[in-house]
Each structure stands twice: as C-alpha cells, then as structure tokens.
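Letter by letter, the chains look like this.
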Amino acid sequence: MASTETGVDTEKDGSTTAEQNGDAYGLAGLEAGLDALDSVQSGRTPLRETLIRKVLPPVTAVALVLVVWQLLVWANVAPDYKLPAPSDVWGEVSDAWVQGTLLDYIWTSVSRGLLGFLLALAIGTPLGLLVARVAFVRAAIGPILSGLQSLPSVAWVPPAVIWLGLNDKMMYAVILLGAVPSIANGLVAGIDQIPPLFLRAGRTMGATGLRGAWHIVMPGALPGYLAGLKQGWAFSWRSLMAAEIIASSPDLGVGLGQLLENGRNNSSMPQVFLAIFLILLVGIAIDLLIFSPLERWVLRSRGLLVTR
C-alpha cells in the first residue's frame, strides 16, 4: 500500500511539475511575443526602404504619365493648340520663374485658402459641437448643413460678388460657405461614434460642459473630426478656385484660378496646363505636409498604426 501511495504521489508530483513547466513555457512564449510586438512597433524604417516604398511609386507614376503624354503628342492625337508637349508646359514654367511670377501665383491662392480654412475651422468647430450636443439645434440646423454641403460652392460666387464686391472678403465668404458645413458635419459624425460609456464615465469624473468637451468629446471624436477637416480643406480649395476663375479684378491679384482663366482667354494651353498642375501640386502638398502626419499621429496614438 505504501508503495502504491508513493507511486501515486510521484505521479501527482510529476504531473504537477509538468504543468508548472508548461505554464512557465507558456508565460515565456507570451513574454517573447509581447517583446517582439514592442520591437515591431518601435522599429525605425530605413531610409532606403522608405524611398523605395513611398517615393519611388509616385515618381514612377509621374514618369509614366509624362511618357504617355509625349507619345500622344508624337502620335498627333490632337493639334498642338489642344494638346501641348510637356516641353511647352515646362517652357511656361521657366518663363514664369524667370519673370518672378510663379511663386506669386502660388502664394496668392495658398494664403487665401489657408486663411479662409482657419476661419472656417474657428466657425465650424463650435457649430459642430452645438449641433451634436443640443437636440433642438440638430433638428433645426442639421438638415441645412447637409444641404449646404451638397451645394456646389461655385453657386455662392455670384451672390457673394453682388453682396461684397470684387475683393478678398468675397473670396473668404465663398470659402466659408463651402468649408464650414463639411467641418461641422465631420465633427458631428465623430461625436455620434463615441461610445456612450465614455461620456458617462467622463460625467462621473466631473468632466462636464467645456471641460467634458475638451477632455472627452473632442478626443473621442478626433477621427471623424479629422476626416471633416480634410473634406473642409478640399471644399475650401475648390471654392477658392471657382471664385478666382469667375471673379477677376486687378485689385485681387493673379492667383492660380485667375491664371487658369487667363490661359483660356489667351487660348494658351501650356498656361492652362501649368495652372492645372500647380493647383494639383498645392493640393497634394497640403495633404502630405499637414493631413497625412495628423492621420498617422491619431492612428498611432490609438494603437492602430504599426511602424515597420
């Protein structure tokens, strides 16, 4: 009996030891996995890999477009006055640079666009908070904001000219009418997606009123709000281009929209292409320099972006 009991005890001790070893191996594997996950998140991407993955694709796409463009010119798909060669457009760029007007064209439009967007941001943010948090205001203004967002911004140019005249105030009014609804609606959508538990927890900890809006509502609504900001900038830029194309005056200077219209009036397709490329270039630059870093920061702060 004693030997049998001893054998049983030995088996029990053996199984216990095996279970302990298994638990130890499991914990060690979990720790190793977490360490590997941390090392993946904190790793820095080499410069060569960054250039290959992020710089080479757009450069290749641009080169391919230029090649196809030149092939179409050589094939005489359209007359020269309809489809200029890339060299003709580059000559227009060189002339504008030598004359010192190229940067003036860009700065005139960019300064208006950024200032108008900041004004829209200052108006659209509190308006979005008000619409999202007050039921009566949402019922009264919410459908109007959605309707204004779907209204083409070019429709505001004629009444703005009549009301304010041919000046910068008219430009900013068109930008505001185009951008404020997008910013406000983006913030409303972001607030609607906040889990109710977060709001209740914030109220329990005393985060109410402006304090709750700053510490709970705005951080929780940040992804939707950022999407609204991107759309608001797009509407700002398009509204400004429409205003500059339609409304022309010596007092307004020559922005990119006016440059495009001057090319049409002069039947100069190289100038038209130059204006189109500059408008596109500014839009891409603003997205890469401002909105893309903000998006990465938001995703990284929420653990949704892994640096590789």
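Definitions and cut-offs
- Residues numbered from 1 in each chain as written.
- Predicted model: local features only at pLDDT ≥ 70, side-chain atom pairs only at ≥ 80, totals over all residues.
- Heavy atoms only, no water.
- Helix = DSSP H or I, 4+ residues; strand = E, 2+ residues; numbered from the N terminus.
- Buried < 20%, exposed > 50% of the residue type's maximum accessible area, 1.4 Å probe, protein only.
- Contact = heavy atoms within 4.5 Å.
- Areas by Shrake-Rupley, 256 points an atom, 1.4 Å probe, with all protein chains shown as cover.
- Phe/Tyr/Trp six-rings, centres within 6.5 Å; stacked < 30°, edge-to-face > 60°.
- Lys NZ or Arg CZ within 6 Å of the ring centre and 35° of its normal.
- Salt bridge = Lys/Arg side-chain N within 4 Å of Asp/Glu carboxyl O.
- 1 Å grid on protein atoms, 1.4 Å probe; cavity = no way out; pocket = protein on both sides within 12 Å on 5 of 7 lines; lining within 4 Å.
- Points joined across faces, edges and corners; volume = space filled by probe spheres on them.
- Nonpolar A, V, L, I, M, F, W, Y, C, P; charged D, E, K, R; others polar.
- Axes fitted to C-alpha atoms, helices over the stretch in contact; angles between N-to-C directions.
- Parallel < 35°, antiparallel > 145°, perpendicular 65-115°, else oblique.
- Left-handed = near helix turned anticlockwise from the far one by under 90°.

**Q** Sorry if this is basic, but what is going on with the overall build of the chain here?
**A** Across its full length, the chain carries 12 helices and 0 strands. Mapped from its N terminus to its C terminus, the chain presents α and β elements in the order α-α-α-α-α-α-α-α-α-α-α-α. Counting the 308 residues in the chain, one finds 34% classified as buried. In the chain, 72% of the contacts between residues at least 6 apart in sequence involve partners at least 24 apart. Total accessible area on the chain is roughly 18,800 Å²; 67% of this is exposed by carbon and sulfur atoms.

**Q** Which parts of the structure should I look at to understand the packing of aromatic side chains?
**A** By convention here, two paired aromatic rings are described through the distance between centres and the angle between planes. Applying the stated criterion across every chain, the model contains 6 aromatic pairs. A ring pair is formed by Trp233 and Trp237, whose centres lie 5.6 Å apart and whose planes are at 20°; its orientation type is stacked. Taken together, the residues Trp233 and Trp237, both in helix H10 (residues 222–246) and 4 residues apart, mark about one turn of the helix. With relative accessibility at 7%, the residue Trp237 sits in the buried group. Taken together, a centroid distance of 6.0 Å and an interplanar angle of 70° make the contact between Phe273 and Phe277 edge-to-face. Here Phe277 and Phe273 lie together in helix H12 (residues 269–301), a separation of 4 residues that amounts to about one turn. Given the relative accessible area of 17%, Phe273 is considered buried. Feature note: the residues Phe117, Trp233, Trp237 and Phe291 constitute an aromatic cluster, connected by ring pairs. The aromatic ring of Phe235 is capped on one face by Arg238, whose charged end is 4.7 Å from the ring centroid.

**Q** Would you take a moment to explain the pattern of salt bridges for this structure?
**A** Pairs may arise between side chains of opposite charge once their charged atoms sit close together. For the structure on display, the rule yields 6 salt bridges. Notably, a salt bridge pairs Arg112 with Asp168, separated by 3.2 Å at the nearest N-O pair. Taken together, the positions of Arg112 in helix H4 (residues 102–133) and Asp168 in helix H7 (residues 168–192) put the pair 56 residues apart, joining distant regions of the chain. Among the residues examined, Asp168 registers a relative accessible area of 32% and is labelled partly exposed. Taking the shortest distance from any N to any O, the salt bridge between Arg264 and Glu261 comes out at 2.7 Å. Residue Arg264 and its partner Glu261 are both found in helix H11 (residues 256–265); the two are separated by 3 residues, about one turn of the helix.

**Q** What is the right way to look at the layout of surface pockets in this model?
**A** Space left empty within the atom packing is revealed by a probe, the size of a water molecule, rolled over the atoms. Taken as a whole, the largest pocket encloses approximately 770 Å³ of empty space. Forming the boundary of the largest pocket are 19 residues, of which Val62, Leu66, Phe277, Leu280 and Leu281 lie nearest the centre. Elements with a minimum of two residues in the lining of the largest pocket: helix H2 (47–74), helix H3 (86–99) and H12. Taken together, the residues that form the lining of the largest pocket break down as 19 nonpolar, no polar and no charged.

**Q** How should I be thinking about the packing of H11 against H12 in this particular structure?
**A** For any two helices packed against each other, one specifies the inter-axial angle together with the distance between the axes. Where H11 contacts H12, the axes come no closer than 8 Å and their chain directions differ by 160°. Here H12 runs roughly antiparallel to H11, going by the angle between their axes. Both H11 and H12 take part in a crossing whose hand is left-handed. Of the residues in H12, those touching H11 at Leu256, Leu259, Leu260, Asn262, Gly263 and Arg264 are Gln271, Val272, Leu274, Ala275, Ile276, Leu278, Ile279 and Val282.

**Q** Mind showing me how you'd approach the side chain of Gln70 here?
**A** Turning to its location among the elements, Gln70 is positioned in helix H2. In this structure, Gln70 is in contact with Ala85 and Pro86, ignoring residues within four places of it in sequence.

**Q** Looking at this structure, I do not really get the packing of H3 against H4. What am I missing?
**A** Between H3 and H4, the least distance of the axes is 6 Å, while the angle of their chain directions is 85°. Classified by the interaxial angle, the pair formed by H3 and H4 is roughly perpendicular. Two secondary-structure elements touch here, H3 through Val93, Ala96 and Trp97 and H4 through Leu102, Leu103 and Tyr105. Classifying every residue of the contact of H3 with H4 by side-chain character gives 6 nonpolar, no polar and no charged.

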